[in-house]
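Geometric and topological summary
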Amino acid sequence: MPVPEPVPRSGSRASRRPPYTVGAALLLLLLTGCAAAATAPGPGGTAPAAVRTGAHAPTGSTGAHAPTGAAGPGAAAARGPAAPTAPRGIRMLGQTVRSAIPAESRQALVVTGNSPDSSEATAVLYTRDDPAVGWQPAAGPWPAHNALYGWTDEHRVNDLRTPIGVYGLTAAGGLLEAPGTELPYVQSPAFTVSGEGFDGESLEGSFDYVIAIDYNRVPGASPLDPTRPLGEERGGGIWLHVDHGGPTQGCISLPAERMEELLRILDPAKLPVIVMGDGAALAR
């Protein structure tokens, strides 16, 4: 199957090589994003503390005065109960994005792109084991790559941009055996990849571990499943996979050891999600 070349862009990107190719024919037939390795796929915080003013001895009274700021009799009762502490949110996320995270989710991998057109990003895993406390950073920050031309609110086949949004992480797979994960995991030679990326880097081993991102796919199905609920033109096969040192077709890539760590941490009982986009998009 011939591999279409991306439209050249101004600057250094125009000199980059054509999209990479996959050795496995099955991937070329089924997938349309990085999975095909060729084509198609108020920040939270705490409430301000109550202002506390101590009671002082009346002006003009005899004897020693209470030190400035010292609390006199009955001051505690006058202050009332302390203000409650609000659950901690994920600092860089705006209200619209935060509200898209399911209330039941207790794990969120936040991938923040450097800019709308950048292929470089940073990933941090957050957990929310105690709803009263809120989100806490659990792993990262990790370096990451996204698509060659950055990000988009409406991903299309071959646009070489990563879809912005909040998506479930419900299935995994790879060329190698599972490193110990609670996610459903499919080991298959169909994850074999070869060729070169946009910067001439080798792609071998990129799909040793993958986690399917639930963009335009059936949640819980194998990463190799070809079903596209939004239609083929909206792309698919968007994965988390092993970083190969350059931009992707639409996926998010992490260093191999970080992919292993993430697979061991993610727990389907905690309804893990990925929150991804450039910084401005995530601040909405």
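Our structure is the block above this text.
Residues numbered from 1 in each chain as written. Predicted model: local features only at pLDDT ≥ 70, side-chain atom pairs only at ≥ 80, totals over all residues. Heavy atoms only, no water.

1. Focus on the overall build of the chain
What the chain contains, in helices and strands, is five helices and 11 strands. Classification of the 284 residues of the chain by burial places 46% in the buried group. Total accessible area on the chain stands at roughly 13000 Å², and carbon and sulfur atoms take up 55% of it. (Helix = DSSP H or I, 4+ residues; strand = E, 2+ residues; numbered from the N terminus. Buried < 20%, exposed > 50% of the residue type's maximum accessible area, 1.4 Å probe, protein only. Areas by Shrake-Rupley, 256 points an atom, 1.4 Å probe, with all protein chains shown as cover.)

2. Comments concerning the nonpolar core
Counting residues in hydrophobic clusters, the biggest one holds 30 residues, and the most contacted among them are Ile211, Leu240 and Ile274. Once residues within four sequence positions are removed from consideration, isoleucine 211 is found in contact with Leu169, Ala171, Ala172, Leu183, Trp239, Leu240, Met259, Leu262, Leu263 and Leu266. Membership of the second largest hydrophobic core comes to 12 residues, among which are Leu93, Ala108, Val110 and Tyr126. (Core = buried A, V, L, I, M, F, W, Y, C linked by side-chain atoms within 4.5 Å. Contact = heavy atoms within 4.5 Å.)

3. Considering the environment of glycine 173
Residue placement: glycine 173 occurs in strand E6 (residues 165-174). With residues up to four places along the chain from it excluded, the contact list for glycine 173 reads Tyr185, Val186, Phe191, Asp208, Tyr209, Val210 and Pro223.

4. Quick look at the pattern of salt bridges
Scanning the entire structure with this criterion turns up seven salt bridges. A salt bridge links glutamate 261 to arginine 258; the shortest N-O distance between them is 2.9 Å. Taken together, the residues span about one helical turn, with glutamate 261 and arginine 258 both in helix H4 (residues 256-265) at a distance of three residues. A relative accessible area of 21% means that glutamate 261 is categorised as partly exposed. We classify arginine 258 as partly exposed; its relative accessible area is 24%. (Salt bridge = Lys/Arg side-chain N within 4 Å of Asp/Glu carboxyl O.)

5. As for unusual backbone geometry
Going from glycine 140 to proline 141, the amide bond is cis rather than trans, its omega being 10°. Relative to the helices and strands, proline 141 is located in strand E3 (residues 136-145). Even without glycine at this site, asparagine 158 takes up a positive phi of about 70°. Note on placement: asparagine 158 falls in the loop between strand E4 (151-152) and strand E5 (162-163). With phi around 50°, asparagine 216 is a residue other than glycine that occupies positive phi space. When you line up the elements, asparagine 216 lands in the loop between strand E8 (210-213) and strand E9 (239-242).

6. Some points on the side chain of threonine 162
Within the secondary structure layout, threonine 162 lies in strand E5. Here threonine 162 falls in the buried class, since its relative accessible area comes to 0%. Among the polar contacts listed, one links the side chain of threonine 162 to the backbone oxygen of glycine 250, at a separation of 3.0 Å. (Polar contact = N/O pair within 3.5 Å; in protein donor to acceptor, adjacent residues only side chain to side chain.)

7. Observations regarding the pairing of E6
Of all the 10 residues making up E6, seven are buried; the element is thus mostly covered by neighbouring parts of the structure. Where E6 lies against strand E11 (residues 273-278), four bridges are found, and the strand directions are antiparallel. Following the sheet pairing, glycine 168 is matched in E11 by valine 273. Relative to E8, E6 is paired through four bridges, and the arrangement is antiparallel. Residue leucine 169 lies in a different strand from E8, and its bridge partner there is isoleucine 213. Looking at chain direction, E6 and strand E7 (residues 185-187) are connected through three bridges and run parallel. Paired with glycine 174 across the bridge in E7 is glutamine 187. (Pairing = 2+ DSSP bridges.)

8. Let's talk about the pairing of E9
Bridging between E8 and E9 involves three bridges; their strand directions are antiparallel. Within E9, the residue paired with isoleucine 211 across the bridge is leucine 240. Sheet topology places E9 next to strand E10 (residues 252-254); three bridges connect them, and they run parallel. Bridge assignment links valine 242 to a residue of E10, and that residue is leucine 254.

9. Considering the environment of isoleucine 252
Structurally, the position occupied by isoleucine 252 is in strand E10. What makes isoleucine 252 buried here is its relative accessible area of 0%. Separated by 129 residues in sequence, isoleucine 252 and alanine 123 have C-alpha atoms that sit 9.5 Å apart. Beyond its immediate chain neighbours, meaning those up to four positions away, isoleucine 252 contacts Val111, Ala144, His145, Asn146, Trp151, Thr162, Ile213, Trp239, Leu240, His241, Ile274 and Met276.

10. Observations concerning H4
Looking at H4, one finds that the buried residues are Met259, Leu262 and Leu263. Down the axis of H4, the buried side of the element spans an arc of 100°, and every buried residue falls inside it. (Arc of directions from axis to C-beta.)

Take it as geometry only, folks, not as evidence of what the structure does.
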